[in-house]
Structures are given as structure tokens and as C-alpha cells.
Amino acid sequence: MNSLQDNKQLAASFFARFDANDIDGALATLADDATWWLAGKPDQLPGTGTLSKEQIARVFRRMTAQLEDGLRMRVKHMVAEGDTVALEVQSHGTLKNGRVYDNEYHTVMRVRDGRICEVREYYDSLHVFHVWYQR
């Protein structure tokens, strides 16, 4: 079993790699059978609900391809208990169309055998809609 500090370091490493636009490195922190739940109604906001590692990888790659210089991710706060790490994270990025994506998240990660096996991500879904989907 990993220590709380190990779990926090793993969670921080995911966001540090994402921040560096190292999507493959970020994905490497996830277990092969990891699930990623994104807040929102799948019939109203594409890409929400429970996704597999392969599906979230496609979301990350589609998203970063639309950004000028990747997505800056900053962990503001983090607490851990048992196999769970809860994080408050802020993102910032400029899309190639000029829109600015600046969101805040509460993310809960569960760790198993040194890798992230489950993620629940809560964010401002209205901001996501306006920046990424509204024409």
C-alpha cells in the first residue's frame, strides 16, 4: 500500500505532466483499467459521464490540439486519506480561435498499486460549453 505522501505525489505528477503538455506522461500515471468521470449530462455536453482510459486520452488529445500552447494546470490545494486524493485545480489556456479557457476543478483521484485507477472531476460545465462548444 502506498503512503498518503506517495498518493499525493502521484496526483501532483499527473497535473505537472499535463501542465507540461506531456499528455502521454500524464496518461502513464493512470492504470490500464482506469475510469474518468466528468461532470455533466452526456446527452447535453459531449465527453461527459464515465470514460475509459482510452476515451479520456482521446478527450485530452482533442482538447490540447485546439489550444495554442497547451493547458496550464495549477494544483491549489490537496488532501489525502486512505487511497483517495482530493485536489483543487485551476486551468488556463487560449484556444486557437482566441477563446480563453480558465476553469476551476475539484478532482477526486483513487490510487491502486501506485497508479490512478479512478477520477471524478467536477468543474464549471457552463464555461466548458461556452468556450469549447458554442459557435
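Since this is a predicted model, take the numbers as computed values, not measurements.

## A few points about the packing of aromatic side chains
And step 1. All chains considered together, the criterion is met by 9 aromatic pairs.
And step 2. Between Tyr101 and Trp132, the aromatic rings sit 5.4 Å apart at their centres with planes inclined by 70 degrees, giving edge-to-face as the arrangement. Note that Tyr101 is positioned in strand E5 (residues 100–101) and Trp132 in helix H4 (residues 125–133), a separation of 31 residues in sequence. As far as burial versus exposure is concerned, Tyr101 and Trp132 are alike and both buried.
And step 3. The ring of Trp37 has Arg120 lying over it, and the distance from NZ or CZ to the ring centre is 4.0 Å.

## Digging into a nonpolar patch on the surface
And step 1. On the surface, a nonpolar cluster with roughly 270 Å² of combined accessible area is contributed by Leu126, Phe129 and Tyr133.
And step 2. Here Tyr133 is to be found in helix H4.
And step 3. What makes Tyr133 partly exposed here is its relative accessible area of 34%.

## Topic: the pattern of salt bridges
And step 1. Tallied over the entire structure, the rule returns 9 salt bridges.
And step 2. Salt-bridge contacts for Asp33 lead to Arg112; the nearest nitrogen and oxygen are separated by 2.6 Å. Taken together, the residues Asp33 in strand E1 (residues 30–38) and Arg112 in strand E6 (residues 104–112) connect sequence positions 79 residues apart.
And step 3. On the accessibility criterion, Arg112 (35% relative accessible area) is partly exposed.
And step 4. Between Glu118 and Arg110 there is a salt bridge; the shortest N-O distance is 2.6 Å.
And step 5. Since its relative accessible area comes to 24%, Glu118 is described here as partly exposed.
And step 6. Each of Asp32, Lys53 and Arg115 takes part in a single network of salt bridges with overlapping partners.

## A few points about unusual backbone geometry
And step 1. A positive phi angle, near 65 degrees, is found at Asn21, a position not held by glycine.
And step 2. For Asn21, the location among the structural elements is in the loop between helix H1 (4–19) and helix H2 (23–28).
And step 3. Residue class for Asn21 comes out partly exposed when judged on its relative accessible area of 40%.
And step 4. The backbone of Asp113 shows a phi angle near 55 degrees, a positive value even though the residue is not glycine.
And step 5. On the secondary structure map, Asp113 appears in the loop between E6 and strand E7 (115–123).
And step 6. On the basis of relative accessibility, which here comes to 74%, the residue Asp113 falls in the exposed class.

## Some details on the nonpolar core
And step 1. In terms of nonpolar packing, the biggest core is built from 38 residues, with Phe14, Phe18, Trp36, Ile56, Phe60 and Met109 touching the most fellow members.
And step 2. Those residues within four positions of Phe18 in sequence are excluded, and the remaining contacts are Ile23, Ala26, Phe60, Met63, Thr64, Leu71 and Met73.

The rules we used
- Residues numbered from 1 in each chain as written.
- Predicted model: local features only at pLDDT ≥ 70, side-chain atom pairs only at ≥ 80, totals over all residues.
- Heavy atoms only, no water.
- Phe/Tyr/Trp six-rings, centres within 6.5 Å; stacked < 30°, edge-to-face > 60°.
- Helix = DSSP H or I, 4+ residues; strand = E, 2+ residues; numbered from the N terminus.
- Buried < 20%, exposed > 50% of the residue type's maximum accessible area, 1.4 Å probe, protein only.
- Lys NZ or Arg CZ within 6 Å of the ring centre and 35° of its normal.
- Patch = residues over 30% accessible without salt bridge, like charges linked within 9 Å, V, L, I, M, F, W, Y side chains within 5 Å.
- Areas by Shrake-Rupley, 256 points an atom, 1.4 Å probe, with all protein chains shown as cover.
- Salt bridge = Lys/Arg side-chain N within 4 Å of Asp/Glu carboxyl O.
- Core = buried A, V, L, I, M, F, W, Y, C linked by side-chain atoms within 4.5 Å.
- Contact = heavy atoms within 4.5 Å.

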